Amino acid sequence: MDTPIATVMPDTPITPSSPSGNRELMNLETQPNKRRRKKSIVWDYFTVETVDAGCTRACCNQCKKSFAYITGSKLAGTSHLKRHITMGICPVSRQKNQQTPNTPSTKPGSVTDPPKRRYRASPGISSISFNQDRSTQDIAKMIIVHEYPPHIVEHPAFIDFVHTLQPQFNVASFNTIQGDCVAIYLREKQRLLNFISGIHGRVNLALDLWSSNQSVGYAVLTGHFIDGDWNLHHRVLNVVMVPSPDSDVAFNQALASCLSDWRLENKLLTLTLDRSFSNETINGNLRGFLSVKNPFMLNCQLIKGNCYARVISRLAQDALGAIWETVDKIRASVKYVKTSDTHEEKFLELKERLQVPSTKELFIDDQTKWNTTYHMLVAAHELKEVFACLETFDPDYKIATPTMDDWKQVEILCTYLKYFFDAANILTSPTYPTASVFYHEVSKIQAELTQAAMSEEPFTSYLTKPLKERFDEYWKDCFLVLAIAVVIDPRFKMKLIEFSFSRIYGEDAGMWIKAVDDGLHELFHEYLVQMLALPDTFMDEGLEVIPKSEASREETLHAGNIEEGTPQEHSQDLSLISIGDGLSDFEVYISEDTSGQPMRSELDQYLEEFLLPRTQDFDILDWWRLNQAKYPTLSRMASDILSIPFSTVPTDSVFDTVSKKIDSYRSSLRPVTLEALICAKDWLQYGSLSSDSQ
């Protein structure tokens, strides 16, 4: 049926936004000398009627009901018209279908035939040849990336769907697709191994424990490192089944597998775990194990037994638990509003009458994510006046309303939850933060809790004293590494330590500042020794050392002229140093005093220079890349320190209140398959590594 066309007088000015302009555009589209767009199938069931200027409606040919089509410059489209016919909304069409339920339509386009969507093939699609192997590989990759169960290839509906797309495709069996997933994992693992082997610095590990419905756990080890171009990387390296997670040596085998698989015996700097699944005995066993397997810096002081994200999560849960009855009251009130459209309409009407300016929307929290509870409380607090009057406005609202004292406590609670949220939120950024970032958030929490614990306001003191005691444990465990990491930032150096420690420790600040300074110089000294002496492993392997000339010795040992390279490369260049004679420290001493006058080390020179201005776009990794020639030893140390992970959990688990859990299906897979699926998913999201092209 032809669509009636509105006409426009020749003298009428036309603009795209005017009703006349819209009618003229409709008219132009239907001129014989213009290319007409294909008419939708719905126009076999509807007639377009012009109601008045700027208003056109579509009338159903069966039930004569009128629908919006064009109003002013807005086009309503045809989706609602299709639904009227295909979903049985039209009473006439529905009645005809009920009268002849088993009689097929003999007339194309009759009302019993639902409109069929027309598809247009992409240009050149018919020229693409079908590739069975490529398609199978793509299914394996799809399973990895989207965490589909490998058994999906045996699901009848999936097989039917694939055959509809490509009848020639022979869907692989579960065993075949499982093998393809493992093959992808092994291919990507070799690429990553080549890449890690090529970096000059050390690797830092984070170990997390995932639970399952069975009695076994899974140790997930993630490597953090900075490459030669000063890019920060973090990759899941191993997923190892732990039969007895409560054992004192539960993680030794997982760590041994990781060090062996990735050749990290001499490249590991720090290990971060969490006390939720570790204790002093486990940490002590790991220290003993690593002292044999890896020459650790600072005598194994860099084993961190607390996960940053989990510490923050426990603080938040403890804070919420302090007033859990009030939180439950608010949650019940929010549920009342959000689970009924009628209740929500009354709530919004009351909000408008009271002229409450809040723009936040209420929502029910997910109690496995503490940040959702925090945001629920913030939104509810802004709407507390509405809740206070809701009982008189809505007779069905019979929930115990929080008192004004309750709301005051919620306000104080949210103040400290905000500190915790900001601290945890840095882990959710698209790029993983360098170690220097964490000190700012941790020191801020430490200072705020220290001050709040001494507050004269009763509830503030009651809330924060237990939090401070818990956080003091984390601060004591990590303050040295956190402080060293922020000193590596040329915008802060030791000045920030001096400033923040004076707020935290008051008169005792000097003692703690000295501890950081001593630890910093001790760590730098170990790096300097590493740059000037052969590693002990070469002694164990019995390599013969050939002395160099004395002139070469003096030139090479000058600390300011050491060229950057791998520790092994430096060791080979400096093979003149006597091994096992206990004089390696002497070599460091003469390197700093070759002219009879004490020379400042790279570290001291760096610390004495002016601070850089604090700009928003400052890139600390790029700064060290540009200054590595000036500070060859210190830049190597900075590269290792800045990649230290303080958190063990993945980004999607930062706010979790429970540990990550492997579902029953995945835990039923072979351990090698499970490791392949988890690791390959992590690796594939980053694309190809730069070493692939080398």
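Thresholds applied
- As a convention, each chain's residues are numbered from 1 in the sequence order in which they are written.
- Local features in a predicted model are, by the rule used here, given only for residues with pLDDT of at least 70; side-chain atom pairs are given and counted only at 80 or more, and totals for whole chains, interfaces and linings are based on all residues.
- To get the side-chain values, all heavy atoms of the structure are used, and hydrogens and water are removed first.
- Only the six-membered ring of Trp is used, alongside the rings of Phe and Tyr, when aromatic pairs are assigned; centres must lie within 6.5 Å, and planes under 30 degrees apart are stacked while those over 60 apart are edge-to-face, with the rest tilted.
- Only DSSP runs of H or I covering at least 4 residues are called helices, and only runs of E covering at least 2 are called strands; the numbering of each starts at the N terminus.
- Only protein chains enter the accessibility calculation, which uses a 1.4 Å probe; a residue whose area is less than 20% of its type maximum is buried, one above 50% is exposed, and one in between is partly exposed.
- The rule is short: NZ of Lys or CZ of Arg within 6 Å of the ring centre and within 35 degrees of the ring normal puts a charge over the ring.
- Counting of polar contacts relies on pairs of N or O atoms within 3.5 Å, with two restrictions inside protein: one atom must be capable of donating a hydrogen and the other of accepting it, and residues adjacent in sequence are counted only when both atoms are side-chain atoms.
- Working rule for contacts: check all heavy atoms of both residues, and any pair within 4.5 Å makes them a contact.
- Only the stretch in contact is used when a helix axis is fitted, and all axes are lines through C-alpha atoms; the angle between N-to-C directions ranges over 0 to 180 degrees.
- Angles below 35 degrees are treated as roughly parallel, those above 145 as roughly antiparallel, those between 65 and 115 as roughly perpendicular, and all remaining angles as oblique.
- Definitions for this section: a left-handed crossing has its near helix turned counterclockwise from the far helix by less than a right angle. A right-handed crossing has that turn clockwise.
- Nonpolar residues are Ala, Val, Leu, Ile, Met, Phe, Trp, Tyr, Cys and Pro. Charged residues are Asp, Glu, Lys and Arg, and all others, Gly as well, are polar.
- Salt bridge, as applied in this entry: a Lys or Arg side-chain nitrogen positioned within 4 Å of an Asp or Glu carboxyl oxygen.

J.: Can you walk me through the packing of aromatic side chains in this structure?
T.: Any pair of aromatic rings gets described here by the distance separating the centres and the angle formed by the planes. One pass over the structure, following the stated rule, counts 29 aromatic pairs. With 5.8 Å between their ring centres and 45 degrees between their planes, Phe471 and Tyr474 make a pair best called tilted. Of this pair, Phe471 and Tyr474 both sit in helix H16 (residues 458-487), three residues apart, which is roughly one turn of that helix. Neither Phe471 nor Tyr474 differs from the other in exposure class; each is buried. In this structure, Lys660 packs its charged tip against the face of Trp210, placed 5.4 Å from the ring centre.

J.: Just checking my understanding: could you explain the side chain of Thr272 for this structure?
T.: Here Thr272 shows up in strand E8 (residues 268-272). Only 2.7 Å separates the side chain of Thr272 from the backbone oxygen of Pro645, close enough to count as a polar contact. Dropping the residues within four chain positions of it, Thr272 is found in contact with Leu205, Ala206, Leu207, Lys304, Asn306, Pro645, Phe646 and Thr648.

J.: Even after reading the chapter, I still don't get the packing of helix H9 (residues 308-322) against H16, so can you show me in this structure?
T.: In the contact formed by H9 and H16, the axes pass within 10 Å of each other and the chain directions differ by 165 degrees. In this view, H9 runs roughly antiparallel relative to H16, as classed from their interaxial angle. Regarding H9 and H16, the two cross each other, and that crossing is right-handed. Along its contact with H9, which presents Tyr308, Val311, Ile312, Arg314, Leu315, Asp318, Ala319 and Ala322, the element H16 presents Tyr462, Leu463, Leu467, Arg470, Phe471 and Tyr474. For the contact of H9 with H16, a count of residues per class yields eleven nonpolar, no polar and three charged.

J.: What am I meant to see in the side chain of Asp208 here?
T.: Along the chain, Asp208 falls in strand E5 (residues 203-212). Of note is the side chain of Asp208, whose polar atom sits 3.1 Å from the side chain of Trp210. Each residue touching Asp208, except ones within four places of it in the same chain, is listed here: Tyr218, Ala219, Val220, Phe277, Arg310, Thr648, Val649 and Pro650.

J.: Is there a simple way to explain the environment of Leu642 in this structure?
T.: Relative to the assigned elements, Leu642 resides in helix H25 (residues 632-642). Considering only alpha carbons, one finds Leu642 and Ile488, 154 residues apart in sequence, at a separation of 8.0 Å. Contact partners of Leu642, with chain neighbours within four places excluded, come to Ile226, Thr434, Ala435, Ser436, Ala485, Ile488, Ile620, Leu621 and Trp624.

J.: Explain the environment of Ile139 to me, please; I cannot follow it from the model alone.
T.: Secondary-structure assignment places Ile139 in helix H4 (residues 132-146). With a relative accessible area of 11%, Ile139 lands in the buried category. In contact with Ile139, other than residues within four places in its own chain, are Val153, Phe158, Phe169 and Ile177.

J.: How should the pattern of salt bridges be read in this particular structure?
T.: Should the charged atoms of two oppositely charged side chains come close, the side chains can pair. This model, assessed by the stated rule, comprises 26 salt bridges. Where Asp318 meets Arg470, a salt bridge forms, and the shortest distance between an N and an O atom there is 2.6 Å. Of the two residues, Asp318 sits in helix H9 while Arg470 sits in helix H16, which places them 152 residues apart along the sequence. A relative accessible area of 33% places Asp318 in the partly exposed class. Here the salt bridges do not stand alone but share partners, grouping Arg187, Glu188 and Arg191 into one network.

J.: Help me understand the packing of helix H11 (residues 341-354) against helix H13 (residues 384-393), please; the structure alone is not making it clear to me.
T.: Working note: a packed helix pair is described by the angle between its axes plus the distance between those axes. In contact at an axis separation of 10 Å, H11 and H13 are set at 115 degrees when each is read in the N-to-C sense. By the angle between their axes, H11 is roughly perpendicular relative to H13. Viewed along their axes, H11 and H13 form a crossing whose handedness is right-handed. Between H11 and H13, the residues in contact are Lys346, Phe347, Glu349, Leu350, Lys351, Arg353 and Leu354 and Glu385, Val386, Phe387, Cys389, Leu390 and Phe393, respectively.

J.: Just to check I follow, could you spell out the environment of Arg503 for this structure?
T.: Along the chain, the position of Arg503 falls in helix H17 (residues 493-505). Residue classification places Arg503 among the partly exposed positions, given a relative accessible area of 49%. With 52 residues separating them along the chain, Arg503 and Gln451 place their C-alpha atoms 9.1 Å apart. Leaving out residues up to four positions away in the same chain, Arg503 has contacts with Ala447 and Glu448.

J.: Is there a simple way to explain unusual backbone geometry in this structure?
T.: Keep in mind that most residues, glycine aside, have a negative phi and that most peptide bonds are trans. Look at Trp230: it is not a glycine, yet its phi comes out positive at around 65 degrees. As for its position among the elements, Trp230 is in the loop between strand E6 (217-226) and strand E7 (232-242). Overall, Trp230 belongs to the buried group, its relative accessible area being 5%. Within the chain, Lys493 stands out as a residue other than glycine whose phi angle is a positive 50 degrees. With respect to the helices and strands, the residue Lys493 is situated in helix H17.

These results come straight from atomic positions and should not be treated as a statement about function.
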